[in-house]
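Tertiary structure, described
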Amino acid sequence: MNEIQTNPQASARDSQTETNTALSSVRLFKPGVPDRQFNELRRVFPHSHFERLFKEDFRFYRTTFWYPLDREPENIFESIASSLKPLANPSPNVTGVEWWFSVLLTNETPQWILPCHFDRDDMAVAEKDVERVHHPDRASVLFLNAVPYGELVLTDQVLTEKGARPKQPRNMHFVRPSRNLYVVFPGSMYHGVIGRMWRPMRPTKLRIAMAVNWWTAPPAAAYLHDSREGTRLFHLDE
Ligand SMILES: [Fe+2]
């Protein structure tokens, strides 16, 4: 594994605050998983199949999976999660991962393709409901393809017991999607996906990434499935 960049925004000037500590802990790895494993994922779940499901309005963001890390991998998705664990380096209390595919059309809207948000255990719970919101220990994304536009935007704002701090993001780090690039960031971090700023000047592409969140306990969301169900729910066995 080759760690390509660390401490992207850290500086002596802003290293004192809790929030900038969060941004300075962002890590990027390329390759994220061994090439053979990455190719196996692309073979099992071809690009054309993502396109087909996307056209059918498949609810990618409401189809998430739980893989308990004390179980041996039983499919390619679980093998990838296992491979990523040493890179994500989650806390010892983490018991499993929630994973899903993030699938977005690059030219669908100007500016935010996926508006900034905090990941939480049940996206039906509002971000402002601080008492009920739980966030993952670590959040991470394995990019499947390079696309024009579609940078992941990580901010220095984190969710604390008192709410979001700082009250407005002050600093940002942009990650350009590329094949088998893996990015790890704090699970409490405010983030989103930004697209074109104006008219589309580059071709429209499907931006595909595997999101992997590291949790101390399974999220409460009703749309969370057992990870062994991935093949069936994505209709990969037909
Ligand atoms: Fe997210």
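Along each chain, the written sequence defines residue order, and numbers are assigned to residues from 1. A pLDDT threshold of at least 70 governs which residues receive local features in this predicted model, and a stricter bar of 80 or more applies before side-chain atom pairs are shown or counted, although totals over entire chains, interfaces and linings include all residues.

Let's shift gears to the overall build of the protein. When helices and strands are tallied, the protein shows five helices and 13 strands. Both definitions apply: the radius of gyration is a C-alpha atom measure, and the globule rule equals 2.2 Å times residues to the power 0.38. Relative to the 2.2 N^0.38 estimate, which gives 18 Å for 238 residues, the radius of gyration of the protein is 17 Å and therefore close to what a compact globule would have. Put plainly, a residue is buried at 20 or more neighbouring C-beta atoms within 10 Å of its own, exposed at 12 or fewer, and partly exposed in between, counting only other residues' C-beta atoms, which are placed from the backbone. Residues counted as buried form 34% of the 238 residues belonging to the protein. Counting contacts in the protein only where the partners sit at least 6 residues apart, residues at least 24 apart contribute 83% of the total. What counts as a helix is a DSSP run of H or I of at least four residues, what counts as a strand is a run of E of at least two, and both are numbered from the N terminus. Once C-beta atoms are placed from the backbone, any two residues with those atoms within 7 Å are in contact.

As a further point, take the confidence of the model for the protein. When pLDDT is averaged across the protein, the result is 91; 92% of the residues are at 70 or more. Low pLDDT (under 50) marks residues 6-16, which in the prediction has 13 contacts with non-local residues, meaning those over four places away or in another chain. The quantity called pLDDT is the predictor's confidence in a given residue, expressed from 0 to 100.

What follows deals with the environment of Tyr 67. Within the secondary structure, Tyr 67 is located in strand S3 (residues 64-68). On the basis of neighbour counts, which here come to 23 C-beta atoms within 10 Å, the residue Tyr 67 falls in the buried class. For the pair Tyr 67 and Leu 87, spaced 20 residues apart in the sequence, the C-alpha separation amounts to 17 Å. With residues up to four places along the chain from it excluded, the contact list for Tyr 67 reads Glu 78, Ala 81, Gly 96, Val 97, Trp 99 and Ser 227.

Before going further, it helps to spend a moment on the nonpolar core. As a rule of thumb, nonpolar side chains are buried together in soluble globular proteins. Membership of the largest hydrophobic core comes to 45 residues, with the highest contact counts inside it found for Ile 80, Ala 81, Leu 84, Trp 99, Leu 142, Val 183 and Met 210. With residues near it in sequence (within four places) discarded, Trp 99 still touches Thr 64, Phe 65, Tyr 67, Phe 77, Ala 81, Met 210, Ala 211 and Val 212. For this entry, the nonpolar core is defined as buried Ala, Val, Leu, Ile, Met, Phe, Trp, Tyr and Cys residues connected by C-beta atoms within 7 Å.

Among the structural elements, Pro 92 can be located in the loop between helix H4 (76-88) and strand S4 (96-105). Assessed through the 7 C-beta atoms surrounding it within 10 Å, Pro 92 is described here as exposed. Each C-alpha atom of the pair Pro 92 and Thr 216 lies 8.6 Å from the other, and the pair is 124 residues apart in sequence.

Judged by how many residues are buried, strand S6 (residues 138-143) sits mostly within the fold: six of six residues are covered. Alternating residues of S6 divide into Arg 138, Ser 140 and Leu 142 and Ala 139, Val 141 and Phe 143, and every residue in both groups is buried. Direction of pairing for S6 relative to strand S10 (residues 181-186): antiparallel, over a ladder of six bridges. Bridge pairing in S10 links Leu 142 to Tyr 182. Two strands pair under a simple rule: DSSP has to find at least two bridges between them.

Taking 1.5 Å of rise per residue, the 13 residues of H4 would be expected to cover 18 Å, and the 18 Å separating its terminal C-alpha atoms lies within 8% of that figure. Residue Asn 89 follows H4 closely and has a positive phi angle near 50 degrees. In a helix, the anticipated span is given by 1.5 Å times the number of residues less one.

This brings us to the packing of helix H2 (residues 35-44) against H4. At a minimum axis distance of 10 Å, the contact between H2 and H4 shows a crossing angle of 155 degrees. Taken together, the axes of H2 and H4 lie roughly antiparallel to each other. Relative to H4, H2 is oriented so that their crossing is left-handed. Each of Gln 37, Glu 40, Leu 41 and Val 44 in H2 lies in contact with H4, whose residues at this interface are Ile 76, Ser 79, Ile 80 and Ser 83. In this classification, the charged set is Asp, Glu, Lys and Arg, the nonpolar set is Ala, Val, Leu, Ile, Met, Phe, Trp, Tyr, Cys and Pro, and all remaining amino acids, among them Gly, are polar. A per-class count over the contact of H2 with H4 returns four nonpolar, three polar and one charged. The axes are straight lines fitted to the C-alpha atoms, using for helices just the contacting stretch, and the angles between their N-to-C directions are given from 0 to 180°. Here the word oblique covers every angle except those under 35 degrees (roughly parallel), over 145 (roughly antiparallel) and from 65 to 115 (roughly perpendicular). Crossings are classed by handedness, with left-handed meaning an anticlockwise turn of the near helix from the far one by less than a right angle and right-handed meaning a clockwise turn.

Before going further, it helps to spend a moment on unusual backbone geometry. Following Lys 30, the chain continues to Pro 31 via a peptide bond in cis, the omega torsion being 0 degrees. Tracing the backbone shows Pro 31 in the loop between strand S2 (27-29) and H2. In this chain, Arg 165 is followed by Pro 166 through a cis amide linkage whose omega measures -10 degrees. Note that Pro 166 resides in the loop between strand S8 (163-165) and strand S9 (172-175). Of note in the backbone geometry, Tyr 149 takes a positive phi value of approximately 65 degrees without being a glycine.

Let us look at the environment of Met 123. One can find Met 123 in the loop between strand S5 (112-118) and S6. Along the backbone, Met 123 and Leu 41 are 82 residues apart, and their C-alpha atoms lie at a distance of 27 Å.

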